[in-house]
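# Chains, contacts and geometry: an overview
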Amino acid sequence: MEIAKTYDPTIVEAKWYQYWLDNQIFASRPDPAKEPYTIVIPPPNVTGLLHMGHMLNNTIQDILIRRARMQGKEACWVPGMDHASIATEAKVVAMLQERGIDKKSLSREEFLAYVWEWKEKYGGMILKQLKKLGASCDWDRTRFTMEDSLSEAVTKVFVDLYNKGKIYRAYRMVNWDPKGKTALSDEEVVYKEVQSKLYYVRYRIVPENSIPGNEQTPHPEIVIATTRPETILADTAICVNPNDERYRHLHGKMVVIPFTDRQIPIITDEYVTMDFGTGGLKVTPAHDLNDYELGKKHNLPVIDILNDDGTLNDKCGVPKYTGKDRFAVRREIVKDLEAAGLLEKTEEYRSNVGYSERNPDTVVEPKVSLQWWLKMDELAKPALEHVLDDTIRFHPDKFKNMYRHWMENVHDWSISRQLWWGHRIPAWYDGQGNFVVAANQEEALGKFQVQYPESTGEIHQDEDVLDTWFSAWLWPISVFDGFKDPENADIKYYYPTNTLVTGPDIIFFWVARMVMAGYEFRHEFPFRDVYFTGIIRDQYGRKMSKQLGNSPDPISLMERYGADGVRTGLLFSSPAGNDLIFDTPVPKSNKPDDIANFLKTNDPLESKLCEQGRNFNNKIWNAFRLIKSWQEAHQPPPTPSKGGGFATLPSEGVRADVAIRWFEARFQAALAELEDHFSKFRISDALHTVYDLAWDDFCSWYLEMVKPEFGQPISREVYAATAGFFDRLLRVLHPFMPFVTEEIWQSLEPRQPGESICVAEYPKAEAPLPTPPRKEGEFLAPLSGAGGAAILEEASLAFEVVRQIRNLRNGQGMSPKVALELLVSTPDASAYESFGSVIQKLANVSAIRVNDAPDRKHESRTGTGFLIKSDEFFVPLETTVDAAKERQRLQKELDHQIGFLESVDKKLGNEKFVANAKPEIIENERRKKADAEAKIKSLQESLASLCG
RNA sequence: GGGGACUUAGCUCAGUUGGUUAGAGCAUCUCGUUUACACCGAGAGGGUCGGGGGUUCGAGUCCCUCAGUCCCCACCA
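Everything quoted here is computed from the prediction, not taken from an experiment. Counting of residues starts from 1 at the beginning of each chain's written sequence and follows it residue by residue. Whichever chain is written first becomes A and whichever ligand is written first becomes 1, with later ones labelled in order. Local features in this predicted model are restricted to residues of pLDDT 70 or higher, and side-chain atom pairs are both shown and tallied only at a pLDDT of 80 or more, whereas totals for entire chains, interfaces and linings draw on every residue. Side-chain calculation: all heavy atoms of the structure are included, whereas hydrogens and water are not.

## Side note on the nonpolar core
Residues Phe-470, Trp-473, Phe-698, Tyr-702, Phe-726 and Leu-822 are the most contacted members of the largest nonpolar core, which totals 212 residues. Helix numbers and strand numbers start at the N terminus; a helix is a DSSP run of H or I with at least 4 residues, a strand a run of E with at least 2. Per-element accounting of this core gives the leading share, 14 residues, to helix 21 (residues 683-706). Beyond its immediate sequence surroundings of up to four residues, Phe-698 is in contact with Ala-623, Ile-627, Phe-663, Leu-693, Leu-703, Thr-722, Phe-725, Phe-726 and Leu-729. One finds Ile-222, Ile-264, Leu-306 and Val-329 within the second-largest nonpolar core, a separate group that totals 30 residues. Among buried residues, the Ala, Val, Leu, Ile, Met, Phe, Trp, Tyr and Cys ones that are joined through side-chain atoms within 4.5 Å form a nonpolar core. Buried means the residue's accessible area, taken with a 1.4 Å probe over protein chains only, is under 20% of the maximum for its type, while exposed means over 50%, and partly exposed covers the values in between. Here, residues are in contact when the closest pair of their heavy atoms is within 4.5 Å.

What follows is the structure in structure tokens.
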């Protein structure tokens, strides 16, 4: 069989994903014999498309779930979608507008028909894209927040919370999105600092109201600084600080609103800061939260001059402004004020302005309106407590602080939205101002008969829908039908879930509220661990977003580098809890010209990270090709040997028992490291561990050790051990790169139909064993712990020797093909007994003579040497070495050692160090001193002999 | 304004209770097309650990301070 030299993921990935689906590998059902491991996906927007954030987030979830599945747990990853009320509605409104249809011209039913049509057409694309990534979700469990049974859950919860007195209806100041024409929660407002202006406006004092005898007042007017001059028309008072001497004489007077004949009083309140602006504040209760509170305190009227779409209504009292947008009016009124001599001056000013999260160009208006609210104080208590006491663990735990701060200052949640796409609020009204909350119209009628027997006529349901997050916060419960049937087998088995993987940007929107719902409705936490991924940024440090056009297309990336390549590429640089910079080139701005210029000289899909991921895949692929070639090569019959073991074949050239024992020990150490990383959610570190294990230890060292000469056979035992290692290596790699590992695993040995590496057992760490006697024939004994540590130490010495010899050749410009002789002088020869053949093979050493040349320094032969710890090495060379080069090298090393010795001597000569440091530290310093002294002595001798 | 974090090689980051003269990957440079892999192999160079001060026998690590970057919360018009 011919195996391609480079791995081609394109065909392979689709093939195996289909195989996994066909064989129901990802399907899960409660199995009391197994421990459940559950993840619910953060449901992406139903009409959303995959972006880099999803890639990272879902890769991490997939790694966790695949590993758990291989560890024999009942792994269940529930996928699904969010109806994304405001985001989807905004998209459909825009789509209709393009088609020339105005939402206002449609009935609710007509509009919703369009949304459902849109959802059918574009919905769920993201789930298909997740399959490309390799996400091992149980697709049979796919849920949608607007499907019937989840909608029922929402209604049930609403009615329940209303009956408990936690949901209420009230007039309050809310954040109003004039584009979406809906209320928003505090969390849906994004503040941006913008350059604006501070306008100093003159308000004329009404003379009739001036105090008698004081007509010659020096202040016929009061100047007020404002950033929003258009709201002058909604002012209901001017407020100054009572202690402000400048305005004492104006207390209680009236001023005239410019361009109107409306008069408002000058009131006093200590709330006003004297040293900001002019020390005077215009009070606009309808359009500013603080003014609203101030207005309530002083019983001021509320004059709302804005329509729902942000245009001015006729309450503004100036006909020419009526019907115009607030920003247009701002420009106009500034001109008018100036013309009227009422604008004293204008100053540049930076201030924070709230924008709608979903309509990012839309400035949010504070607006008083009648909305539904959810009381948060009681819900927050257990949710806060159990994060602080680590019942629910945050990774990284710095997010606990953020969480605590929000929970301690939580405001009631404004849950109603003036939209159509979403869960309609289950409240019914009669025409007389009465209402009831009920699961459906029939129940509502019943309630009316009991509560309002006098009520007559038709009832109608609330027109508004609920905030998207009001269904999302139920997700870990509702996906298992925990509301519909609280005692069903699924919810009892899978809940609480194990791990939530999400971005820190939705910690308040979603995570905090899920915790609340968990305790409120199941009296238990919804997940044990929350892993917050970083946010993906571009090379300029900007968050990747559609608006900026700075995100590479994930599907194209996967087509170029393979899903496995992109997965590993992303994770190579994913510090736990920190943002990650993705390295594809991006245009500096999203202006068409910039993009065009950018594309002329840049490849937007070029990514060193993904390349590294792809190269890693290829490396594994080629290890496979090598091992496979051995399998197919002729193997000799089992080699007879003493004691049930085997003798190394000449073609292998090394003591295979040493190679095998060493890699076994190395593998065990890596497994322990992996376990540690995973337990701390250090996923990127875990990848680095398997990367090093596979590339360096397995490919560069182990395979090179046992590799027979070209065309020569390998012994059956070594092949079996190697194939066994490779199999286990593939298993630890599989969660990170599912496709390539499946492809190789399937070809490595004949497999049964339906068999898959996805459900192959994850390698377990062996219990530590005592050092096995190093007798031939016992090499297969499992080895770790003390025995493992010893062999790992011997190996690292041997590897250092190999590196030094390679380096020496390199420095002398010698070909690797020239075999060298190696003389060793050492107090402990054991490492050379076991690893001597390894050194010979990998460094191309013809013979090692250990403690065999005590007088080698007096030998007349030319050569060169080096030191590792206390072992001295000498390589005799036929040809004369470049003496100058060699001297330079030795001198450099000598200088380093002298400096090193000085620093050690300084420490040991310090009485306080000897008195205070821990004994093992001092012992270590003494050893360092002895080593350095030995090295210096040897180096000096070498230099001397080189000169002589 | 309140809170949190970060600043280590050209770049992206490790450095877990303070203890060898600080590590990795990428990039750069040198050598090598040898027989799994040039999506490869063997090497090299590159850091006064943001600045300053302190604690300590000893500081990348702990404390203070200054500077810069970022995030969250609040929203004095």
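## Overview of a nonpolar patch on the surface
The residues that make up patches have over 30% relative accessible area and no salt bridge, and they are joined within 9 Å when like-charged or within 5 Å when they are Val, Leu, Ile, Met, Phe, Trp or Tyr. Note on areas: these come from Shrake-Rupley sampling with a 1.4 Å probe, and a residue is covered only by the protein chains present in the view. Any carboxyl oxygen of Asp or Glu that lies within 4 Å of a side-chain nitrogen of Lys or Arg is treated as forming a salt bridge with it. Taken together, the side chains of Leu-49, Tyr-122 and Met-125 present a nonpolar region at the surface, about 250 Å² in accessible area. Locating Met-125 in the fold gives a position in helix 5 (residues 125-133). Under the relative-accessibility criterion, Met-125 is labelled partly exposed at 33%.

## Focus: the packing of aromatic side chains
The relative placement of two aromatic rings is captured by the distance of their centres and the angle of their planes. When the centres of two rings from Phe, Tyr and Trp lie within 6.5 Å, Trp using its six-membered ring, the rings pair. Their planes under 30 degrees apart give stacked, over 60 give edge-to-face, and anything left gives tilted. Summed over all chains, the structure comprises 50 aromatic pairs. Aromatic side chains Trp-20 and Phe-739 sit 5.2 Å apart centroid to centroid with 25 degrees between the ring planes, which places their arrangement in the stacked category. Taken together, the positions of Trp-20 in helix 1 (residues 9-22) and Phe-739 in helix 23 (residues 738-748) put the pair 719 residues apart, joining distant regions of the chain. An aromatic cluster of three or more residues is present, and its members are Phe-158, Tyr-162, Trp-372, Trp-413, Tyr-429, Phe-435, Phe-470, Trp-473, Phe-483 and Phe-521. Charge over a ring is defined by NZ of Lys or CZ of Arg lying within 6 Å of the ring centre and within 35 degrees of the ring normal. Against the face of Trp-139 rests Lys-131, its NZ or CZ located 4.8 Å from the ring centre. We note Arg-172 situated over the ring of Trp-373; from NZ or CZ to the ring centre the distance is 4.7 Å.

## Some remarks on helix 21
Think of it this way: the bend at a residue is just the angle between two axes, each fitted to seven residues, one set ending at that residue and the other starting at it. Considering bend angle alone, the principal kink of helix 21 is centred on Phe-698 and spans about 40 degrees. Most of helix 21 is tucked away, with 17 of its 24 residues classed as buried.

## Examining unusual backbone geometry
Both trends apply: most residues other than glycine have a negative phi, and most peptide bonds are in trans. Between His-395 and the following residue, Pro-396, the backbone shows a cis peptide bond with an omega angle of -5 degrees. Take Pro-396: it is sitting in the loop between strand 15 (393-395) and helix 10 (399-408). The peptide bond linking Tyr-495 to Pro-496 adopts the cis configuration, its omega dihedral lying at -5 degrees. Located in the positive-phi region is Ala-84, a residue other than glycine, with phi close to 50 degrees. Of note, Ala-84 is situated in the loop between strand 3 (80-81) and helix 3 (85-98).

## Structural notes on the protein's contact with RNA strand B
In these notes, residues near a molecule or strand are those with any non-hydrogen atom within 4 Å of it. If you check the shell around RNA strand B, you find 56 residues, and the closest are Tyr-349, Trp-695, Phe-710, Gly-899 and Phe-900. A breakdown of the atoms of RNA strand B within 4 Å of the protein gives sugar and phosphate a share of 54%. N or O atoms closer than or at 3.5 Å make up a polar contact, with two conditions inside protein: a donor-capable atom paired with an acceptor-capable one, and, for residues adjacent in sequence, both atoms drawn from side chains. Residue Lys-619 places a side-chain N or O atom 2.8 Å away from a base nitrogen belonging to RNA strand B. Here a phosphate oxygen of RNA strand B sits 3.1 Å away from a polar atom, N or O, in the side chain of Lys-707. In terms of residue count, the dominant contributor to the surface near RNA strand B is helix 19 (residues 608-632) (10 residues). Under the scheme applied here, ten amino acids are nonpolar (Ala, Val, Leu, Ile, Met, Phe, Trp, Tyr, Cys and Pro), four are charged (Asp, Glu, Lys and Arg), and all others, including Gly, are polar. Its residues assigned to classes, the surface near RNA strand B comprises 20 nonpolar, 20 polar and 16 charged.

## Things to note about the packing of helix 19 against helix 23
Two numbers describe how helix 19 lies on helix 23: the axes approach to 11 Å, and their chain directions differ by 0 degrees. The pairing of helix 19 with helix 23 is recorded here as roughly parallel in orientation. Contacts between helix 19 and helix 23 involve Asn-617, Ile-620, Trp-621, Phe-624, Ile-627, Lys-628 and Gln-631 on the former and, on the latter, Val-740, Glu-743, Ile-744, Ser-747 and Leu-748. Taken together, the residues that form the contact of helix 19 with helix 23 break down as seven nonpolar, three polar and two charged. Comment: axis = line fitted to C-alpha atoms, over the contacting stretch for helices; angle = value between 0 and 180 degrees taken between N-to-C directions. When an angle is under 35 degrees it counts as roughly parallel; over 145 it counts as roughly antiparallel; between 65 and 115 it counts as roughly perpendicular; any other value is oblique.

## Observations concerning the confidence of the model for chain A
Mean pLDDT over chain A works out to 88, with 92% of the residues at or above the 70 mark. The predictor rates its confidence in each residue with pLDDT, a number between 0 and 100. Throughout residues 640-647 the model reports pLDDT below 50, and contacts reaching past four residues in sequence, or to other chains, amount to 15 contacts. Counted against residues more than four places away or in other chains, residues 768-786, with its pLDDT under 50, gives 33 contacts. For this predicted complex, the interface confidence reaches an ipTM of 0.95, while the overall pTM sits at 0.93.

## Side note on the sheet that holds strand 16 (residues 413-414)
DSSP-based pairing: two strands are paired if at least 2 bridges between them are found. Strand order across the open sheet formed by four strands is 6-5-14-16, with antiparallel pairing between neighbours. Every interior strand has two partners, whereas the edge strands, strand 6 (182-184) and strand 16, have only one. Direction of pairing for strand 5 (residues 167-177) relative to strand 6: antiparallel, over a ladder of three bridges. Bridged to Asn-175 within strand 6 is Leu-184.

## Here we look at the sheet that holds strand 19 (residues 435-437)
In spatial order, the strands read 19-18-20; together these three strands make up an open sheet with antiparallel pairing. Bordering the open sheet on either side are strand 19 and strand 20 (460-461), each of which pairs with just one other strand. In this sheet, strand 19 lies alongside strand 18 (residues 427-429) in antiparallel orientation, the contact comprising three bridges. In the sheet register, Trp-428 faces strand 19, and the bridge partner there is Val-436.

## With respect to the packing of helix 19 against helix 22 (residues 716-733)
Here helix 19 crosses helix 22 at 155 degrees, and the two axes come no closer than 11 Å. The angle between helix 19 and helix 22 places the two elements in the roughly antiparallel class. Viewed along their axes, helix 19 and helix 22 form a crossing whose handedness is left-handed. Where helix 19 abuts helix 22, its residues Phe-616, Ile-620, Ala-623, Phe-624, Ile-627, Trp-630 and Gln-631 lie against Tyr-719, Thr-722, Phe-726, Leu-730 and Leu-733. The residue makeup of the contact of helix 19 with helix 22, split by class, is 10 nonpolar, two polar and no charged. If you view the pair so one helix is near and one far, a crossing is left-handed when the near helix is turned anticlockwise from the far one by less than a right angle, and right-handed when it is turned clockwise.

## Quick notes on the environment of Trp-630
Among the structural elements, Trp-630 can be located in helix 19. Separated by 507 residues in the primary sequence, Trp-630 and Gly-123 place their C-alpha atoms 49 Å from one another.

## Overview of the pairing of strand 11 (residues 263-268)
Of the strand pairs in this sheet, strand 9 (residues 237-240) and strand 11 are connected by three bridges, and their pairing is parallel. Across the sheet, residue Cys-239 finds its bridge partner in strand 11, namely Ile-267. As judged from the three bridges shared by strand 10 (residues 254-256) and strand 11, these two strands associate in the antiparallel manner. Within strand 11, the position partnered with Val-255 by the bridge is Ile-264. In this structure, the hairpin formed by strand 10 and strand 11 is closed by a connection of six residues, where Phe-259 is found at a positive phi of approximately 65 degrees.

## Some points on the pattern of salt bridges
Per the counting criterion, the structure on display carries 63 salt bridges. A salt bridge links Lys-320 to Glu-332; the shortest N-O distance between them is 3.7 Å. Here Glu-332 lies in helix 8 (residues 326-339) and Lys-320 lies in the loop between helix 7 (289-297) and helix 8, a separation of 12 residues in the sequence. A relative accessible area of 42% means that Lys-320 is categorised as partly exposed. The residue Glu-925 makes a salt bridge to Lys-928 at a minimum N-O spacing of 2.5 Å.

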